[in-house]
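# Chain and residue survey
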Amino acid sequence: MIKSARERAGLNQRQLGQRVGYGEEQISSIERGRRTPQPEFLVTVDGVLECGGLLAVLADDVALAKARRRVRHPEWFRDYADLEAKAVEVCFYSTLIVPGLFQTERYARTVFTARRPLLDEDTIEQRVAARLARQQILTRWPPPTVTAVIEESVLRRGIGGRQIQHEQLEHLLELSHLRNVEIQVLPLDCESHAGMDGPFILLTPHGKQQVGYSEVQGFNRLVTAPEEVRMLAARHGSIRGQALSPSGSRTLVENLLGES
């Protein structure tokens, strides 16, 4: 398509390259399919060759394809990620950070940047891309039912600074209005509760039994024994009963937004 539009405009590869800041060999590689064009290249060339948006409209598809190629879960997390992608129900209890499915890009990047031992920049970007890609299950059809209990201390902790915290709270508020998502906050004034043993996740893959997952200090565990899963499910039910209602939790998030 680029070659046809270029020839119709009466330009050779060198002339087009000069107009868009690319070398002649780069233009040749893109036209021959040896090199994937950057989204911004498609937008620029669309304007230069007066394609009426035919090339620019492909920019989002190219950007999405590139993001998918960057998705690379660490090996120890892949079993869980595969199950989550097929889940019909996911239940979170979070005590330290906002659940990964709910994190904004900047919040997620802050979390990975703070990891010890330190992650290199490429790994951080890969982990962020993978985490954001997982979030597509929230808006797919049919969507999974997602319930999350988040401790109030998580929402008050300014991870990444005030601006990132504010952005994250706004995102939680938006998610709380999705029909398939229920967010509850376990308030600070709850003197004792069923979640004293720490955070965990319950998920039910399509056509399979519910499983549990926990990750603490770099050690992860997929829980499949029926009795252990049953106990986690009972614990999650108790925690939900001790937390604020979804509407009360939404009000608390709105109040925190006003303070941030």
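For the structure, see preceding data.
Below is a short write-up of the structure.

### Re the sheet that holds strand E5 (residues 211-216)
Taken in spatial order, the six strands line up as E3-E2-E1-E4-E5-E6 in an open sheet, and their pairing is mixed. The strands lining the two open edges of the sheet, one partner per strand, are strand E3 (181-186) and strand E6 (219-223). Averaged over all neighbouring strand pairs, the angle between strand axes comes to 15°, with direction disregarded. Bridge analysis of E5 against E6 gives five bridges, and the strand direction is antiparallel. When the sheet's bridge partners are listed, Ser 214 is paired in E6 with Arg 221. In the packing of helix H11 (residues 226-242) onto the sheet, the strands contacted are strand E1 (87-94), strand E2 (145-151), E3, strand E4 (200-205), E5 and E6, and the crossing angle to E4 comes to about 115°.

### Things to note about the nonpolar core
Ranked by size, the top nonpolar core spans 36 residues in total, and within it Tyr 80, Val 90, Phe 92, Phe 102, Ile 150 and Leu 155 carry the most contacts. No other element matches helix H10 (residues 162-175), which puts five residues into this core. Not counting residues within four places of it along the chain, the set of residues in contact with Tyr 80 comprises Val 90, Phe 92, Arg 134, Ile 201, Leu 203 and Tyr 213.

### A short note on the packing of aromatic side chains
A complete count under the given rule lists six aromatic pairs for this structure. Here Tyr 22 and Phe 41 contribute two aromatic rings whose centre-to-centre distance is 4.6 Å and whose plane-to-plane angle is 50°, an arrangement assigned as tilted. Here Phe 41 lies in helix H4 (residues 39-48) and Tyr 22 lies in the loop between helix H2 (13-20) and helix H3 (24-31), a separation of 19 residues in the sequence. The class for Phe 41 is buried, based on a relative accessible area of 2%. Aromatic rings pair up to connect Phe 77, Tyr 80 and Tyr 213 into one cluster.

Thresholds, definitions, all that
- Residues numbered from 1 in each chain as written.
- Predicted model: local features only at pLDDT ≥ 70, side-chain atom pairs only at ≥ 80, totals over all residues.
- Heavy atoms only, no water.
- Pairing = 2+ DSSP bridges.
- Helix = DSSP H or I, 4+ residues; strand = E, 2+ residues; numbered from the N terminus.
- Axes fitted to C-alpha atoms, helices over the stretch in contact; angles between N-to-C directions.
- Contact = heavy atoms within 4.5 Å.
- Core = buried A, V, L, I, M, F, W, Y, C linked by side-chain atoms within 4.5 Å.
- Buried < 20%, exposed > 50% of the residue type's maximum accessible area, 1.4 Å probe, protein only.
- Phe/Tyr/Trp six-rings, centres within 6.5 Å; stacked < 30°, edge-to-face > 60°.

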